[in-house]
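Read off the chains here:
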Amino acid sequence: QVQLVESGGGAVQAGGSLRLSCAASGRTFSAYIMAWFRQAPGKEREFVAGISMSGGGIDYVDSVKGRFTISRDNAKNTVYLQMNSLKPEDTAIYYCAAQVGLTWVNVKSTGGYRYWGQGTQVTVSS
């Protein structure tokens, strides 16, 4: 079992930056693949970024490549999403997700994750 708590969301103007954090409970954080998803109003939840247990494997949705960076600190049980050059289309609720035993090929699949945070709102104005 793991509980996830996101923070760091807010309202920014286009071109600005935000850093999201996701703090996880439990002693086996390093055993979990971690990911960020987002859901805009009227749209399905979509994969944003994922990171492997050691941090050696990372993947992003094409729309955020070069602008967002996912990282993790296993000593602090925390995963981060640094978001730069934000665009209005990045506006969404951002969710942290975790799963143990997930194969990397499924990292982008919403259905692959059992554990989810409550979400944090990111609003980007033009």
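The sections below set out a description of the structure shown in this document.

**A word on the pattern of salt bridges**
Thinking step 1. Inspection of every chain in the model, using the stated rule, returns five salt bridges.
Thinking step 2. When the shortest N-O distance is used, the salt bridge between Arg38 and Asp90 registers 3.0 Å. Of this pair, Arg38 sits in strand 4 (residues 32-39) while Asp90 sits in the loop between strand 8 (78-83) and strand 9 (92-100), and the two are 52 residues apart along the sequence.
Thinking step 3. In this structure Asp90 comes out as buried when scored by relative accessible area, which is 0%.
Thinking step 4. With its nearest N and O atoms 3.4 Å apart, the salt bridge here joins Lys108 to Asp59. Of this pair, Lys108 sits in the loop between strand 9 and strand 10 (115-116) while Asp59 is found in strand 6 (residues 58-60), placing the two residues 49 residues apart along the sequence.
Thinking step 5. Each of Arg38, Glu46, Arg67 and Asp90 takes part in a single network of salt bridges with overlapping partners.

**Thoughts on the packing of aromatic side chains**
Thinking step 1. The final tally for this structure, using the stated rule, is five aromatic pairs.
Thinking step 2. Their ring planes at 80° and their centres at 5.7 Å tell us that Phe37 and Phe47 sit as a pair that is edge-to-face. Of the two residues, Phe37 is situated in strand 4 and Phe47 in strand 5 (residues 46-51); the sequence distance between them amounts to ten residues. Of the two residues, Phe37 and Phe47, both sit in the buried class.
Thinking step 3. Summarising the aromatic geometry, the rings of Tyr113 and Trp116 are spaced 6.1 Å apart at their centres and angled 70° between planes, so their arrangement reads as edge-to-face.
Thinking step 4. Here Trp116 falls in the partly exposed class, since its relative accessible area comes to 25%.
Thinking step 5. Taken together, the ring pairs connect Phe37, Phe47, Tyr113 and Trp116 into an aromatic cluster.
Thinking step 6. Across the ring face of Tyr80, the terminal group of Arg19 is positioned such that the distance to the ring centre comes to 4.0 Å.
Thinking step 7. In this structure, Arg72 is placed above the aromatic ring of Phe29, and the distance from its NZ or CZ to the ring centre is 4.6 Å.

Criteria and thresholds
Residues numbered from 1 in each chain as written. Predicted model: local features only at pLDDT ≥ 70, side-chain atom pairs only at ≥ 80, totals over all residues. Heavy atoms only, no water. Salt bridge = Lys/Arg side-chain N within 4 Å of Asp/Glu carboxyl O. Helix = DSSP H or I, 4+ residues; strand = E, 2+ residues; numbered from the N terminus. Buried < 20%, exposed > 50% of the residue type's maximum accessible area, 1.4 Å probe, protein only. Phe/Tyr/Trp six-rings, centres within 6.5 Å; stacked < 30°, edge-to-face > 60°. Lys NZ or Arg CZ within 6 Å of the ring centre and 35° of its normal.

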